[in-house]
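# Analysis of the macromolecular model
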Amino acid sequence: QLSNVGEIQNTGYEVTVGITPYQSRNLSLDFTAQFSHNKSLANNLAGEKLQIGSSSWRQWAREGYPVPAHFATKVMNPTEIADAVTEADQYYGPSYPVDNLGLSASINFLQRFTLYALAEGSYGHYHMAAVGRQGAYRGLWPSCDVADPSAQNALWRSQCEDFEWASWILPADFTKLRTVSLTYQMPENFIPGASSSVLTIAGQNLWKWTDYQGLDPELSRGDVALAVREYYHIPQGTTFTASLRVVF
């Protein structure tokens, strides 16, 4: 029988700012910035530690911490050129982003052209690169293929020699250039019989900035309740498209 075991408090805010710094007959500039912050907190769990997910990728609900959060064995000397010194049941951070940012720009010029770009990012969270651990275990992960293992730091040794699952819980901050597009509003009657026609050329998933060591910090299997991890996924590829919309 299901029963309530505690409370989760969620607080946050969202801000959107749009400006048009210049506008004329042949040129206009529009910029939009969106920012959101969210903080979750487990309250009144009567001291219980609630496991979310299973096996090596478990996450937790614990009083005073985000839900869910990563707790696991942690390398305490990650940058030292030495064997890993670890401590069990250490807090890493939340599983979901704390901050989200979106920036877009639209430039209209020569009355018929629009250049648009969108960048987005998420910050403040941790993600398990389980595919990295499995690749290291099989001797297939690129960052583990080095000429001199003795020159590597403790975190590398934990990841690539000890194959410790928890050492693949990694900061997952990222910023991505999602979209760049150019739209051309064709002149009337450019296409015989058409009342309007628009040509758009666009690129998607053009660039990614992150220190995350997995394939992509947004990938998530997400099949064990709220717990998330990257596990044998294929990242979204870079794509280019051209479309023509004609109205008769």
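Residues numbered from 1 in each chain as written. Predicted model: local features only at pLDDT ≥ 70, side-chain atom pairs only at ≥ 80, totals over all residues. Heavy atoms only, no water.

## What to know about the pattern of salt bridges
Tallied over the full model, the rule gives eight salt bridges. Ionic pairing is found between Arg62 and Asp89, a salt bridge with its closest N-O pair at 2.7 Å. Placement of Arg62 in the loop between strand E4 (59-61) and strand E5 (69-75) and of Asp89 in strand E6 (residues 86-94) is noted, with a sequence separation of 27 residues between them. Here Asp89 falls in the partly exposed class, since its relative accessible area comes to 36%. Among the charged side chains, a network of salt bridges with common partners joins Glu120, Lys176, Arg178, Lys208, Asp216 and Glu218. (Salt bridge = Lys/Arg side-chain N within 4 Å of Asp/Glu carboxyl O. Helix = DSSP H or I, 4+ residues; strand = E, 2+ residues; numbered from the N terminus. Buried < 20%, exposed > 50% of the residue type's maximum accessible area, 1.4 Å probe, protein only.)

## Topic: a nonpolar patch on the surface
On the surface, a nonpolar cluster with roughly 440 Å² of combined accessible area is contributed by Tyr13, Val15, Val17, Ile19 and Phe31. Counting residues per element, the nonpolar patch draws most heavily on strand E1 (residues 7-23), which supplies four residues. Within the secondary structure layout, Tyr13 lies in strand E1. (Patch = residues over 30% accessible without salt bridge, like charges linked within 9 Å, V, L, I, M, F, W, Y side chains within 5 Å. Areas by Shrake-Rupley, 256 points an atom, 1.4 Å probe, with all protein chains shown as cover.)

## Focus on helix H1 (residues 130-137)
Within H1, seven of the eight residues are buried, which leaves it mostly tucked inside the rest of the structure. Residues of H1 that are buried: Ala130, Val131, Gly132, Arg133, Gln134, Gly135 and Ala136. Each element contacted by the buried residues of H1 is listed here: strand E9 (126-128) and helix H2 (154-160). (Contact = heavy atoms within 4.5 Å.)

## Considerations on the nonpolar core
It is characteristic of soluble globular proteins that their nonpolar side chains tend to be buried jointly. Judged by nonpolar contacts, Ala129, Val131, Ala136, Trp141, Cys144, Trp156, Cys160, Trp168, Leu170, Ala172 and Tyr212 together constitute the single largest core of 11 residues. Only H1 and H2 provide two or more residues apiece to this core. With residues up to four places along the chain from it excluded, the contact list for Cys160 reads Ala136 and Cys144. Listed in part, the nine residues of the second largest apolar core include Trp57, Tyr92, Met128 and Tyr231. (Core = buried A, V, L, I, M, F, W, Y, C linked by side-chain atoms within 4.5 Å.)

## As for the pairing of E1
As paired elements, E1 and strand E2 (residues 27-43) share 15 bridges and run antiparallel to each other. Residue pairing for E2: Glu7 is matched across the bridge by Asn43. From the end of E1 to the start of E2, which pair antiparallel, there are three residues. (Pairing = 2+ DSSP bridges.)

Purely geometric numbers; function is a separate question.
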